[in-house]
Every structure is written in C-alpha cells, then in structure tokens.
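One-letter residues, chain by chain:
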Amino acid sequence: MVSGKKHTLVTLVEDKPGVLNRVASLFRRRAFNIESIAVGQSEQPDLSRMTIVVTGDFAQVEQVRKQLDKLIDVVKVSDITEEEMVARELALVKVKSDISNRSEIIQIADIFRANIVDVASDSLTIEVTGEEDKVDSLIELLRDFGIKELSRTGRIALTRGGRGSAK
Amino acid sequence: MKKTGAQILCESLIEEGVEIIFGFPGGALLPLYDTLLLYPQLRHILVRHEQGAAHAADGYARVKHKAGVCLATSGPGATNLVTGIANAYMDSSPMVAITGQVARPFIGKDAFQEIDITGITLPVTKHNYVITRVEEIARVVKEAFYIAQTGRPGPVLIDLPRDVQEEKTEFIYSGKVDLRGYKTVFRGHPSQVKKAGKLINGAVRPLIIAGQGVVISQAYSELEELAEKTQTAVVTTLLGIGSFPENHALSFGMLGMHGTAYANMAVQNADLIIAIGMRFDDRATADTKGFAPQARIIHIDIDPAEIDKNVSVDVPIVGDARQVLQSLNKEVNEMKHEEWLEQIIQWRQEHPATNIREGDELLPQYVIRQIYEITGGEAVIVTGVGQHQMWSAQHFFYDRPDSFISSGGLGTMGFELPAAIGAKAGRPDRTVWCVAGDGGFQMTMQEMATVVQDKLDIKIAVINNGSLGMVRQWQELFYERRYSGTQLWNPDFVKIAEAYGIPGIRVGRKDEVISAIQEAMYYPGAFLLEFVVEPEENVYPMVPPGLTLSKVMELPEAAQSKMGG
Ligand SMILES: Cc1ncc(C[n+]2csc(CCOP(=O)(O)OP(=O)(O)O)c2C)c(N)n1
Ligand SMILES: [Mg+2]
C-alpha cells in the first residue's frame, strides 16, 4: 500500500490484553503498512487511545477503518485526516559530540526548542517534540554529526476545538 | 450455592438454548467432560476429528439459524478446529467454539499441549476470549452467543483453562450484554431506503441478486414480495440458493463462474442491480471491472465493511435484509418489466442450463437430478467442494430454504459429511443427502463412525469420478490436459461403508440409478451410494478466470447437440 496520502486514524479501544495485537493483525491481513502506531491511556480509565498513521487512498483507508470498527474491542475509530487537528511526535536523538562541536549542536537544538536531556563526553541526547516535519528537519541537521541512536514515538493526534471524540 | 466453572459453562450453554455439542475430549477438558454427565439435556456428539466437530456445528447452525457449538481440547484438538472455524467465518455461520487450555500456571511455559489458539484464530473469528477467572464464564458465554448470532454472524472462540473449570463461584446468568464496542445496525437508513425505492421505480431492466444474507435474516417472503410487486427477475449466489424458490417464474438460477448463462447475461445487461445480503465475491462477479457495466447498484448488507469493498455501489443500505426489505417494499411501485423479462427468458431458451446430455453414460448431473426427483425436492443437500458441488447447485431445484448447505467462501473439501451430520442432528425431520466428492470424502469419511454411533439417518452419495475433478477440469482446459496430482486411486467405498456398519451399493450404470436411490431412501438408516461416473465430465457453463461474466464458456457444440430435456 504505497500510493495515496498519509491518514491519521484515531481509535478508542478497550484497555485489555491483546487489543494491540488485534489491531495490528488486522492491518497486516488487509495488506496495510502501519507507518506508526502510538498507544496510551485516554481520558477514560478503561479505554486507551491509539493513533495510527497509514498511507493509502481514501477508499482503502475507509475499508480498513470499517474493518477496525468491527473489532469488538474497538469502541470508536475516526479518520481525522481532513479535520483540523493537533498532531505531535516526540523523538530522542543521541548524537556523536565532543567538546569541539557541543555548542554548535546545542545551538541547533535551541532553534528547534529541543532539550538536551543527557550529556556525555562523546555524545549528546536531544529530546524534540513537534509535528513530524519539524522532527524530520532536526534529525536531518543532526545527521552531519553522526547519529548514534534514534527513537521516535510516532504521531499522536487530537482534533482541535471543544468537541471531544470520546462519546 | 457455589458451582464449578465447568458447571457454570454447562448451565450457561443451557441458558442459551444449546441442545447439542459436537466435541472431542482431552486432558485439558477432563473436568468439563466429567461435568457433562450431569447435564443429559446437553447431547454430546463425539466426532472422530475436531475438524468434523466444527463443520458439524456449522451445518447445524445453517439449518437451525442459531449458533452451533463445538468443543475441543487444548493443543492439537484446538488446532484441528481451525479449518472448520475459518469455514464458518468465511460463510458467516454462527458458531461458538470452546477449547480447553492448560491450567493458568502453565500458560506461557510451552506446557504439554499448550497452544495459543486465540492468537491462531484471531483472523478467522468474529471475536475470541481467554477466560482467566471463573467469575467471567457466564458473562463471556452470554457475549459469545450474542456476538456469534447477531449482526453478520460468525464464529466466536472461548479458551477455557483447565483449572478454571474446577474453580468455584456463584452462578448468576445475566440476560444483558454490555459491549460498547459492538454495534449492529438493523434498520436501513430511511433516506437511503427512499433513494433505493426511487431507483427501483425508475428502472427498466432491474435485477435482484440474492445472497446468503437473505437466508440468514430469513427474508424469504419479503424478497418474494419485492420481486413480485416490481416484477423483477431474481438470481442468487451459491450460498443464496434457497433464498428464492427456483420454481418461481421470476427465478433465473445462480450467477457467477458456474452460473447459468442467462443469469450472467441478465447481470451484464441490467440497468439496476439490487444486491441483497451478498458480498460481490469474485466467484460471483468474475472480473469486477467489467461487472454489470450498465447498472447502477443498490447494496443491502448488514456489514458496513462490505459496502464498496469489491464493487463500488450507488445506494448502500446498511441493515438487516428482512427489515430493510420490509421498508423498501413500501417505497416501490407495482411495475411490469415484460420486455426485459421476455429477453431473459429468450436467453434461457437459447442457452439452456438445466438440460442433461442424453446417452448411456452415467453422468453425475443425472445422479443429482434423480436425487431431486426421488426426494421430491425436499432433501437437504450437503456438498463438498468441486465439480459435484456445482452439479448439486445446478441440477437440483431448490424450492425451499435451508436445502443447500455448502462451503462457499473457504471452499473446504471434506465439509460434506460432518456438515451433513450437523444438519441431520439439527433437523432430524428432514431428509439429508450428503453429496460427496471421491476426493473430499476421503478427507473426513471417518465421521461415518459418528453417523453410526449417533444413529443419524444420512444418505451419502459419493460421486466417484476417479479424480480431483474440479482441479482436473482446470488442467484440461487451461494446462493442455497435463494432469498433475489429480488422479485418484480410490478404496472400495461400499466396503468401507460396510466396515462402519453402513450398507451401500456401487452404481456404475445409468439404469441402476433410480432403483439405488430408492433403496437408499427406503432403508431406515444411513446408506451409501457410490456412483462411478464419467471421469472426464466438466462443469459448464463456466466463466474462465480473469474474464467478465459476459464471457461464458458453454458446453462444447458436439455435446450440446445430444441434449435432451
Ligand atoms: C481442503 C482442500 N484442499 C484442496 C482444495 C482444492 N480443490 C478444490 S476442488 C478440488 C477437487 C475436489 O475433488 P473431489 O472431492 O473428488 O470433487 P470433484 O471435483 O471431483 O467433484 C480440489 C483439490 C480444496 N478446495 N480444499
Ligand atoms: Mg472427484
């Protein structure tokens, strides 16, 4: 599934063992590549919110959305791609760094309002939050120094405005 | 008073109206099997392979319109169920499958006969459960039956660890289920129904395609009303057989790969398709790009995910076929489509599909037709998969519901005998004929022991063409007759039946067919007929793979000239 654009699916699922497996298995079976999936607590104690990013054309994503909705443990699923949303991602980047370039890297991090969360004699670890574009750009700039380790959370998203999507 | 998990399971099943369990025991089910002795109202039918238990539950479900129950032990017992569960999933058959599991302290330790059956069956169940506490049993059973039997039906699996079967708690059976993530829409959206009504009222060449959804929701009279009121021709899918009487003037048989030429021509020339409870399976539509090119499409289905999945439609209506048709019938006008119906009738005259070649050879089609004649069309026909399945669909005329039981979506060889067991156990009042392929029969024929042990009066017709006929047909037509892996050495089926205590007759000549079928019918119990038929007979008409429904391949000319009525 390479054609089409990126879609953001937001789902509320029962907070039970095996639910992530059910969701992931469905994407695999319908031959969809999940670009990212982020799971965590929602505003309701026994429900988790999953944010799933997939690429596909509208009909394909709509099909997978309906299949997801059929899972008993999926309480709600919406494709919020066309809606106004706030989307964020967090990344931790461990960059090679020594005394000679440390301040240069810190300057770059500052421009991105990223935080230095660990300093060692041969590395710096930077924490950055934002939309994927911003995270991508920072990572690109840091590549020149040599990235030792990188970890990204994948997108989490909520629609803008007062309307809750919970019920 | 506190009860054990096993007792609670049995009592919950009784609450759900379960009468029969098809099962096979094992270590992880010892407590449950011991408890079953206390509940004689739960009839246990011991199969000879767990696949048989699942198919039997499936066959039972299809004639009873309620969930069939199968039971297997952990590990290999559970994995043996999988084909039957997948079959039920593909054909939307309601089923509750219960598997034993190793005791909780052993889970995750690769204990003896421990297998992750919920993981394995994830993609072939509507939902599944692992029970972790005895307090959950009653609720889970309630939910399982509710999920299996409502909306688009399907199999639900419950994995029950051995030690939970022995744990005790109070038994409280609640009449309610609370599943916030499970929603089914039964009534079609009124504005969609109105739109559909308008399309129907304006159509010149309308056609109804009835699928298994009509059977599941038992919308027979509603479908008849729609067809008659609007004088619309009806064709069915393979599993839609029985949704509309085939002796009705508006019935034009089955569409699809082995459908009648006139049904397919009607699809290709219609200006409106009213698809009810069918999912545009590729065996029904052939190449979807050229499917019904002139038609707008109304699609009525209870599963929203079926809308626009294979074919994009103009007016989708999500809902139960029966309820939607009830409201749709109020929107449509009385109409006549004489010219269009005349046209389809003319196609039928030009491309007859139900004639059987004359001559002395013993043709499988003739066997099916004689079963139809001699049973007065009242039999339940349960088939395997292959040529005999298609001949059973084509040459028996199904006038009443629940008469054709077949594996459609998964196409599971070996379905025939165990599914017939389920059908007969569920409906002992009906004559049940198992029409088996000589290949498929050998996959599950050990269930003859079940037939005998449970005194089930099932008539078995083995269509012996000496080959895996359907595959052989494809090799003949598309691989220049290079027969690879399709020729069968067969045992003596009559002797095998006899060894099981089932009398039988081998029929090799056409003039023996009628008396043999009559003898089987008169015999008060199971009976096997082996028909040694023309080995290279093919199923026609046929739409070759990859082509549209317009490209129907009919019986070769030479053979056609020998046609009789
Ligand atoms: C379990 C299984 N294995 C393989 C197939 C592929 N297959 C489809 S039809 C067929 C031939 C069936 O032979 P038989 O049961 O003798 O029926 P016939 O076509 O000869 O009537 C085969 C092998 C299948 N459908 N199911
Ligand atoms: Mg055969």
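Please refer to the structure higher up on the page.
Residues numbered from 1 in each chain as written. Chains lettered and ligands numbered in written order. Predicted model: local features only at pLDDT ≥ 70, side-chain atom pairs only at ≥ 80, totals over all residues. Heavy atoms only, no water.

Q: Is there a simple way to think about the overall build of chain B in this case?
A: Counting its regular elements, chain B contains 23 helices and 22 strands. Each of the three principal axes of chain B carries a C-alpha extent, and together these read 70 × 60 × 40 Å. Looking at chain B residue by residue over its 565 residues, the buried ones come to 62%. Taking contacts inside chain B between residues at least 6 apart in sequence as the whole, the part at least 24 apart equals 76%. Charged side chains of chain B number 51 positive and 67 negative; the gap between the two group centres comes to 5 Å. (Helix = DSSP H or I, 4+ residues; strand = E, 2+ residues; numbered from the N terminus. Buried < 20%, exposed > 50% of the residue type's maximum accessible area, 1.4 Å probe, protein only. Contact = heavy atoms within 4.5 Å. Lys, Arg positive; Asp, Glu negative; His and termini not counted. Charge placed at Lys NZ, Arg CZ, Asp CG, Glu CD.)

Q: Got a minute to help me understand the pairing of strand 6 (residues 127–130) of chain B in this structure?
A: The side chains of a regular strand alternate, residue by residue, between the two faces of the sheet. Residue and element names in this part refer to chain B. Sheet analysis places strand 6 next to strand 7 (residues 155–161), joined by 4 bridges and oriented parallel. When the bridges of strand 7 are listed, histidine 127 appears paired with valine 156. For the handedness criterion, the β-α-β arrangement of strand 6, helix 6 (residues 137–149) and strand 7 is classed as right-handed. (Pairing = 2+ DSSP bridges. Right-handed = clockwise from strand over helix to strand, strands pointing away.)

Q: For this particular structure, what's the right way to read the site of ligand 1?
A: Residue and element names in this part refer to chain B. Around ligand 1, 17 residues are found, and the nearest of them are Gln387, Gly411, Asp438, Gly440 and Gly469. Within the backbone of glycine 411, one N or O atom sits 2.8 Å away from a nitrogen atom of ligand 1. Within the backbone of serine 467, an N or O atom sits 3.1 Å from an oxygen atom of ligand 1. About the coverage of ligand 1: the protein hides 76% of its 580 Å² of free accessible area. Only helix 16 (387–395), helix 18 (438–444) and helix 20 (469–478) provide two or more residues apiece to the shell around ligand 1. The element that contributes the greatest number of residues to the shell around ligand 1 is helix 18, accounting for 4 residues. (Near = heavy atom within 4 Å. Polar contact = N/O pair within 3.5 Å; in protein donor to acceptor, adjacent residues only side chain to side chain. Areas by Shrake-Rupley, 256 points an atom, 1.4 Å probe, with all protein chains shown as cover.)

Q: Sorry if this is basic, but what is going on with the side chain of Asp91(B) here?
A: Residues and elements named next belong to chain B. If you trace the backbone, aspartate 91 turns up in the loop between helix 4 (76–90) and strand 5 (95–101). With a relative accessible area of 1%, aspartate 91 lands in the buried category. In this structure, aspartate 91 is in contact with Arg62, Gln212, Leu239, Ser406, Ser407, Gly408, Gly409 and Leu410, ignoring residues within four places of it in sequence.

Q: How should I be thinking about the coordination of the magnesium ion (ligand 2) in this particular structure?
A: Around a metal, the idealised angle for a tetrahedral arrangement of four donor atoms is 109.5 degrees; for an octahedral arrangement of six donor atoms it is 90 or 180 degrees. Residues and elements named next belong to chain B. For the magnesium ion (ligand 2), the full set of protein donor atoms is Asp438 (OD), Asn465 (OD1) and Ser467 (O), at a range of 2.0 to 2.2 Å. Expressed as a motif, the donor residue spacing for the magnesium ion (ligand 2) is D-x26-N-x1-S. One end of the pair, aspartate 438, is in helix 18; the other, serine 467, is in the loop between strand 19 (458–464) and helix 20, with 29 residues separating them in the sequence. Of the two residues examined, aspartate 438 and serine 467, each falls in the buried class. (Donors = N, O, S within 2.8 Å, 3.2 Å for Na, K, Ca; no water.)

Q: Is there a simple way to explain the packing of helix 15 (residues 364–374) of chain B against helix 22 (residues 513–522) of chain B in this structure?
A: Angle between the axes and distance between the axes: these two values describe a pair of packed helices. Residues and elements named next belong to chain B. Their axes nearest at 10 Å, the elements helix 15 and helix 22 cross at an angle of 50 degrees. Classified by the angle their axes make, helix 15 and helix 22 are oblique. Note that helix 15 runs across helix 22; the crossing there is right-handed. Touching Tyr366, Val367, Gln370, Ile371 and Ile374 of helix 15 are Val513, Ile514, Ile517, Gln518 and Met521, all from helix 22. Of the residues belonging to the contact of helix 15 with helix 22, the class tally is 8 nonpolar, 2 polar and no charged. (Axes fitted to C-alpha atoms, helices over the stretch in contact; angles between N-to-C directions. Parallel < 35°, antiparallel > 145°, perpendicular 65-115°, else oblique. Left-handed = near helix turned anticlockwise from the far one by under 90°. Nonpolar A, V, L, I, M, F, W, Y, C, P; charged D, E, K, R; others polar.)

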